[in-house]
Structures are given as C-alpha cells and as structure tokens.
Amino acid sequence: MTWKYGYIGTSVVLAANGTQVRIVIKFLAMEKIDIKYRKPLVGRYNKSVSRCLDCDHEFLKNPKYGTIFDNINGFNDSHIGMVAMWECPVCFSKWFYHSEYHYDYFLDAVDDGTQKYYGSGAKAI
Ligand SMILES: [Zn+2]
C-alpha cells in the first residue's frame, strides 16, 4: 500500500527529559478526501476504534462482517479533527474515530470491492 492522499510534515515535541525532538508525522487534511466520501457527522466518538461499544462486535473476531475499512460510511471534520464514521454491521450503531491514517486503507477497500458503501456494486448512501 502506498500513501496517495496524505502529506508528510514535521513537528517539534517535548521529550520526557525536557529536550525538544523533531518528529515526522503524516497529515491528512479534509480537502484531500473526495467529496463523495464526505458525509454529515453522525454517531459518537469511539475510542476503541473497531469495537462496537453497544453490542461488543469486533471486526478482528468476526471477519465475516469485513474489516472496519469495509464498514466506513463517510469522513468529516469534528471537534477532535478529521474522523472516519462507521456503522456497526450487527446492531447498526453509528461511531466515529480519528482517521488520519485510514483513508488509504478505505480506498483500498473501495478498489478491492469489499467496501460496503462504495465498493463495486455497493449502493452509495
Ligand atoms: Zn454493534
């Protein structure tokens, strides 16, 4: 997989010993997200990312529902930065989580046809 839509930047952080350390970080700005994947923000923030807090569904434990990237139904800005939104395939609760690193994986799922909302044959929401 290659990064297609992010850009690399640097930032200076304070290390535990008080020294300044320059780190390399990958940014993904909302304007990089294709307009067709931008959706109104719905659901609640889910710190556990890929586990449904309502029914305990976990994508890694239940591969028949696909990956979390297969179940992302949109991206948007929020009070915590850019987020990916997903719907639990079991109980249909709606969640979002930080997604700076996940857009490319999502696009791979679209290309592979496994993406439930935007893959080949999928009905756009
Ligand atoms: Zn659920």
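Residues numbered from 1 in each chain as written. Predicted model: local features only at pLDDT ≥ 70, side-chain atom pairs only at ≥ 80, totals over all residues.

### Some points on unusual backbone geometry
Negative phi is the rule for most residues except glycine; trans is the rule for most peptide bonds.
Thought 1: Located in the positive-phi region is valine 49, a residue other than glycine, with phi close to 65 degrees.
Thought 2: Along the chain, valine 49 falls in the loop between strand 3 (44-45) and strand 4 (72-78).
Thought 3: Take valine 49: there are 15 C-beta atoms within 10 Å of it, and that puts it in the partly exposed class.
Thought 4: The backbone of aspartate 56 shows a phi angle near 70 degrees, a positive value even though the residue is not glycine.
Thought 5: As for its placement among the helices and strands, aspartate 56 is situated in the loop between strand 3 and strand 4.
Thought 6: When the 12 C-beta atoms within 10 Å are taken as the criterion, aspartate 56 is described as exposed. (Helix = DSSP H or I, 4+ residues; strand = E, 2+ residues; numbered from the N terminus. Buried ≥ 20, exposed ≤ 12 C-beta atoms within 10 Å, placed from the backbone.)

### Focus on the sheet that holds strand 3
Thought 1: Strand order in the open sheet made by the four strands is 3-6-5-4, with mixed pairing throughout. Two strands in the sheet have a free side with no partner beyond their single neighbour: strand 3 and strand 4. (Pairing = 2+ DSSP bridges.)

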